[in-house]
Amino acid sequence: MNGKSTQSKDLAKLSLEAYLRDAGVILSDLQMTKQLEFCALVLRWNRLTSLVQTNSIIEMVESHVIDCLAALAEIVGPHIVDVGSGAGFPGIVFAIAKPEWQFSLIEANARRARFLTQAKIDLELTNITIVNSRVEDWHSTTPVNCITSRAYSALASFFDDCQHLVPAKNTAQPG
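Right, let's walk through the structure included here. Just so it is clear, the model here is predicted, and its values are computed rather than measured.

**Observations concerning helix α6 (residues 155-162)**
Taken together, the buried positions of α6 are Phe 158, Asp 161 and Cys 162. Seen end-on, α6 carries its buried residues on one side only, within an arc spanning 90°. The exposed residues of α6 that point more than 90 degrees off its buried face are Ala 156, Phe 159 and Asp 160. Packed against the buried residues of α6 are β1 (79-83) and β4 (146-148).

**Overview of unusual backbone geometry**
In the segment running from Gly 77 into Pro 78, the intervening peptide bond is cis, with an omega of 15°. Note on placement: Pro 78 falls in the loop between α3 (57-69) and β1. Omega for the peptide link from Phe 89 to Pro 90 comes to 5°, which places this bond in the cis form. Within the fold, Pro 90 resides in the loop between β1 and α4 (91-97). A positive phi angle is found at Glu 124, which is not glycine, with a value near 55°. Inspection of the secondary structure assignment puts Glu 124 in the loop between α5 (110-122) and β3 (128-131).

**Some thoughts on the pattern of salt bridges**
All told, the structure shown has two salt bridges when counted by the stated rule. Taking the shortest distance from any N to any O, the salt bridge between Asp 67 and Arg 150 comes out at 2.8 Å. Within this pair, whereas Asp 67 is found in helix α3, its partner Arg 150 is found in the loop between β4 and α6, the two being separated by 83 residues in sequence. Among the ionic pairs, Glu 136 bridges to Arg 134, the shortest N-O distance being 2.7 Å. Residue Arg 134 is classed as partly exposed on the basis of its relative accessible area, which comes to 48%.

Rules used throughout
Residues numbered from 1 in each chain as written. Predicted model: local features only at pLDDT ≥ 70, side-chain atom pairs only at ≥ 80, totals over all residues. Heavy atoms only, no water. Buried < 20%, exposed > 50% of the residue type's maximum accessible area, 1.4 Å probe, protein only. Helix = DSSP H or I, 4+ residues; strand = E, 2+ residues; numbered from the N terminus. Arc of directions from axis to C-beta. Contact = heavy atoms within 4.5 Å. Salt bridge = Lys/Arg side-chain N within 4 Å of Asp/Glu carboxyl O.

So this is what it looks like as structure tokens:
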């Protein structure tokens, strides 16, 4: 690694550490390292297939990872479905932060699904399943506690396409 990229990675780490401290989010050293490794992997693959619009690890941390981590307190586990995972935001960021939970990353684009599979392997994320499918065509075998997405489509389409993943409420009237 050359001096400039080492400096960029160090600045990205400092930015992530500052956010975590200010937000009161606790990640282990290994989790922080995996977040930064994930960013580096996205940037490497970004040269071959367009995943994100940024080309620096600092921008990746500040525009993508921190943005996802800001919503971490709002998700409920243990089974989360990330719809239209794309480059893995927020699904992989959440999976690194919450290794005790299970994540299903739904991605219809085959190239992006291959990237997500490689990220799962490289980062040794045993708590994610990559699903190369349209969300409308996929059915979970376990109850879904939370559905996330960062850039899927219009909210109404997202709601309609994911409706089958939401457990039916008991509509029986008390006796």
